[in-house]
Amino acid sequence: MHTVLLTCGRGTYSLTLARAFHSAGYRVLVADAWPRSLCRLSATVDRYFHVPSPARATAAWIPAIRNIVRQESVGLIVPVYEEVFYMAKANVGSSDPLPIFAPDFSTLMSLHDKWQFIEQARSLGLSVPETVLLTTREDLVREYARHGKDRVFKPVYSRFAAHTVARPQNLEAIENAEPTLRRPWVSQAFLSGRPYATFSIAHRGRLTAHVTYPTDFSHDLGPTVVYRRAEQPAIVEWIRKLVAATKYTGQIGVDFIEDAAGNVAAIECNPRLTGGFYLLKDNPRAAAAYFEPEMEPIEAARDRSYAFRFWLFFTAFRHTKSFPGIGEWARQLWSARSTNAFTLADPVPRLLGPALAAEFLVRCYREGKSVREMVTRDFEWSEDPEAGETGRLVA
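Nothing here was measured: the structure is a model prediction, and the numbers come from that model.

*Asks:* Any chance you could explain the packing of aromatic side chains here in plain terms?
*Replies:* Ring pairs (aromatic) are described by centroid distance and by the angle formed between their planes. As enumerated under the stated definition, the model contains 25 aromatic pairs in all. When the ring of Phe-217 is compared with that of Phe-323, the centres are 5.6 Å apart and the planes differ by 90°; the resulting orientation is edge-to-face. Here the residue Phe-217 occupies a position in the loop between β10 (206–214) and β11 (226–228), and Phe-323 occupies one in the loop between α8 (309–315) and α9 (326–335), the gap between them amounting to 106 residues. Residue Phe-217 shares its accessibility class with Phe-323, and that shared class is buried. Between Trp-311 and Phe-314 the ring centres are 6.4 Å apart and the planes differ by 50°, which places this aromatic pair in the tilted class. Taken as a pair, Trp-311 and Phe-314 lie in helix α8 at a separation of 3 residues, close to a single helical turn. A residue is classified by how much of its surface remains accessible, and Trp-311, at 46% relative accessible area, is partly exposed. Taken together, the aromatic side chains of Tyr-13, Tyr-81, Tyr-213, Tyr-227, Tyr-278, Phe-308 and Phe-379 make up a single cluster linked through ring pairs. Over the aromatic face of Trp-34 sits the side chain of Arg-10, whose NZ or CZ is 3.9 Å from the ring centroid.

Put into structure tokens, the structure is as follows:
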């Protein structure tokens with residue numbers, strides 16, 4: 001029996017992965033800096049390891065992961081969030097590389113960095129918006145004066161649209177942005193249109209799984225709360241070209257905008273697991289996509305959608321301009337499947353999930369942290385050598 005290690009156990013991303021591997025006959029291990037998480041409660045997880053934080057205690061976390069791999073005979077590590085960057089960097093020049101399902105460190109960084117991603121895509125002839133690198137406050141002020149009200153400003157390293165400012169109406173809206181050589185930002189042309197995202201699994205430049213989905217049910221510029229398949233051949237071809245050119249192996253997501261004429265352009269890349277995996281969660285070949293390089297690519301089912309119903313409810317009152325309307329909202333609220341459905345084979349995560357959530361919210365309150373910051377602070381990556389204990393954490 002193959003053993004798979006997931007390097008995060010919090011959230012439904014991890015639980016969905018664990019269930020997929022378990023149902024395919026794999027032994028599933030999970031390591032997380034939280035002592036309690038959804039995966040710790042899951043019957044699909046054979047062993048759960050409480051480890052140091054990847055971002056805040058990298059020097060202790062890497063040896064802990066190595067020990068698990070060695071002692072448990074792990075055949076494959078499947079990263080969940082940005083901890084993939086810490087493992088990939090540890091593998092550089094290592095005589096004992098971790099068996100991570102990811103490309104090498106330089107490839108990861110060329111896609112994760114919002115400036116490098118745009119430059120690489122442009123060099124491949126792929127459609128992207130005009131983008132400018134900002135390394136000083138003067139750069140930012142100059143760029144705003146040029147055409148700031150039609151721009152999007154964001155750090156080159158960020159996730160879930162944190163710190164992103166779209167079409168600022170005055171300089172005060174971006175007064176907290178302080179680009180530097182170590183913490184650069186980008187100014188990107190604002191593209192009006194419908195947003196889409198993708199999730200793909202690839203081996204040596206060949207897709208084994210792909211989904212495209214609209215991201216029109218969201219709060220502000222954050223992640224979507226409804227996942228449903230979209231037919232976008234141009235986006236699929238865009239992804240195929242990028243994956244082939246980089247000989248990519250691993251998980252990858254890209255965000256797109258489609259304009260009124262039907263043209264698509266990519267705005268940024270997440271070279272890791274994304275919520276698009278929910279669209280593959282009920283596919284019996286989902287786990288095989290990680291292990292069988294020559295398999296025919298799997299796709300999302302046409303007749304299924306998945307939602308975070310609690311958060312979907314609030315999008316009726318607070319949403320982006322791409323919101324598809326109250327009729328589609330009601331249809332999804334009624335018919336979409338849950339991203340964390342109750343199952344008789346694995347009931348405890350759903351039954352005790354509210355208790356875990358309550359504990360988590362109390363912890364956020366006590367530490368004065370937002371929900372987003374508390375969830376991601378153990379995994380966030382930045383190249384800034386002075387940003388955190390290990391030199392790479394930027395909030």
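Here the narrative resumes, following the displayed structure.
*Asks:* Would you mind showing me how to read the sheet that holds strand β3 (residues 47–50) here?
*Replies:* With parallel pairing, the 4 strands of this open sheet are ordered in space as β3-β2-β1-β4. Because the sheet does not close on itself, it has two edges, and the strands there are β3 and β4 (76–78). The sheet shows a mean angle of 25° between the axes of neighbouring strands, taken without regard to direction. Pairing of strand β1 (residues 3–6) with strand β2 (residues 27–32) involves 4 bridges; the strand directions are parallel. Bridged to Thr-3 within β2 is Arg-27. Lying over the sheet, helix α1 (residues 11–23) contacts β1, β2 and β4, oriented at roughly 180° with respect to β1. Across the sheet, helix α2 (residues 58–72) touches β1, β2, β3 and β4, and the angle it forms with β2 is around 160°.

*Asks:* So what exactly am I meant to see when it comes to the sheet that holds strand β15 (residues 305–307) here?
*Replies:* Adjacent strands of a sheet form backbone hydrogen bonds with each other and so pair up, either parallel or antiparallel. Taking strand neighbours across the sheet as the criterion, the 3 strands line up as β11-β15-β16 in an open arrangement whose pairing is mixed. Each edge of the sheet is formed by a strand with only one pairing partner; in this case those strands are β11 and β16 (337–338). Strand direction decides the pairing type here: β15 and β16, joined by 2 bridges, are parallel. When the bridges of β16 are listed, Tyr-306 appears paired with Arg-337.

*Asks:* Any chance you could explain the pairing of β10 here in plain terms?
*Replies:* Looking along a regular strand, one sees side chains alternate from face to face of the sheet. Of all 9 residues in β10, 8 are buried, a share of seventy percent or more. Here 8 bridges tie strand β9 (residues 194–203) to β10, and the two strands are oriented antiparallel to one another. By the bridge assignment, His-203 is partnered in β10 with Arg-206. Taking the residues between adjacent antiparallel strands as the criterion, β9 and β10 are bridged by 2 residues, where Arg-204 takes a positive phi near 50°. Both β10 and strand β14 (residues 298–299) contribute to a ladder of 2 bridges, which runs parallel. Pairing of His-210 across the sheet is with Glu-299, part of β14.

*Asks:* When you look at the packing of helix α4 (residues 105–112) against helix α5 (residues 114–123) in this model, what are you seeing that I'm missing?
*Replies:* The geometry of a pair of packed helices is captured by two quantities: the angle between their axes and the separation between those axes. Following both chains from N to C, one finds α4 and α5 inclined at 95°, their axes separated by 5 Å at the closest point. The angle between α4 and α5 falls in the class roughly perpendicular. Taking contact as the criterion, the partners of Met-109, Ser-110, Leu-111 and His-112 in α4 are, on α5, Lys-114, Gln-116, Phe-117 and Gln-120. Residue classes in the contact of α4 with α5 are distributed as 3 nonpolar, 4 polar and 1 charged.

*Asks:* How should I be thinking about empty space enclosed by the protein in this particular structure?
*Replies:* The method is simple in principle: a probe with the dimensions of a water molecule rolls over the atoms, and the space it marks as empty is what remains. The final tally for this structure, using the stated rule, is 3 cavities of 30 Å³ or more. If you add up the space inside the second largest cavity, you get close to 40 Å³. Considering the residues around the second largest cavity, the lining is formed by Pro-79, Val-84, Phe-101, Ala-102, Pro-103, Tyr-248, Gly-250, Gln-251, Pro-271 and Arg-272. For the lining of the second largest cavity, the per-class residue count stands at 7 nonpolar, 2 polar and 1 charged.

So, how was this worked out
Every residue gets a number counted from 1 within its own chain, in the order that chain's sequence is written. Local features in this predicted model are restricted to residues of pLDDT 70 or higher, and side-chain atom pairs are both shown and tallied only at a pLDDT of 80 or more, whereas totals for entire chains, interfaces and linings draw on every residue. Only hydrogens and water are set aside when side-chain values are computed; all heavy atoms of the structure are taken into account. Note on ring pairs: Phe, Tyr and Trp rings are taken, using the six-membered ring of Trp, and paired if centres are within 6.5 Å. Classes follow the plane angle, with under 30 degrees stacked, over 60 edge-to-face and the rest tilted. By the criteria applied, helices consist of DSSP H or I runs no shorter than four residues and strands consist of E runs no shorter than two, each listed in order from the N terminus. Using a 1.4 Å probe on the protein chains alone, a residue whose accessible area is under 20% of its type maximum counts as buried, one over 50% counts as exposed, and one in between counts as partly exposed. For a lysine, the NZ atom is tested; for an arginine, the CZ atom; a charge sits over a ring if that atom is within 6 Å of the ring centre and within 35 degrees of the ring normal. Only strands that DSSP links by at least two bridges are regarded as paired with each other. Note on definitions: angles span 0 to 180 degrees between N-to-C directions of axes, and those axes are lines fitted to C-alpha atoms, for helices only across the stretch in contact. By the convention used here, residues are in contact when the closest approach between their heavy atoms is within 4.5 Å. Any angle between 65 and 115 degrees counts as roughly perpendicular, while under 35 counts as roughly parallel, over 145 as roughly antiparallel, and the rest as oblique. In the scheme used here, Gly and all other residues not listed as nonpolar or charged are polar, with Ala, Val, Leu, Ile, Met, Phe, Trp, Tyr, Cys and Pro taken as nonpolar and Asp, Glu, Lys and Arg as charged. Grid points spaced at 1 Å over the protein atoms alone were grouped into cavities, where a 1.4 Å probe fits but cannot get out, and pockets, open sets with protein on both sides within 12 Å along at least five of seven lines, with lining residues defined by an atom within 4 Å of a point. Grid points are joined across faces, edges and corners, and a volume is the space filled by probe spheres set on the points.

These figures come from the coordinates and say nothing about function on their own.
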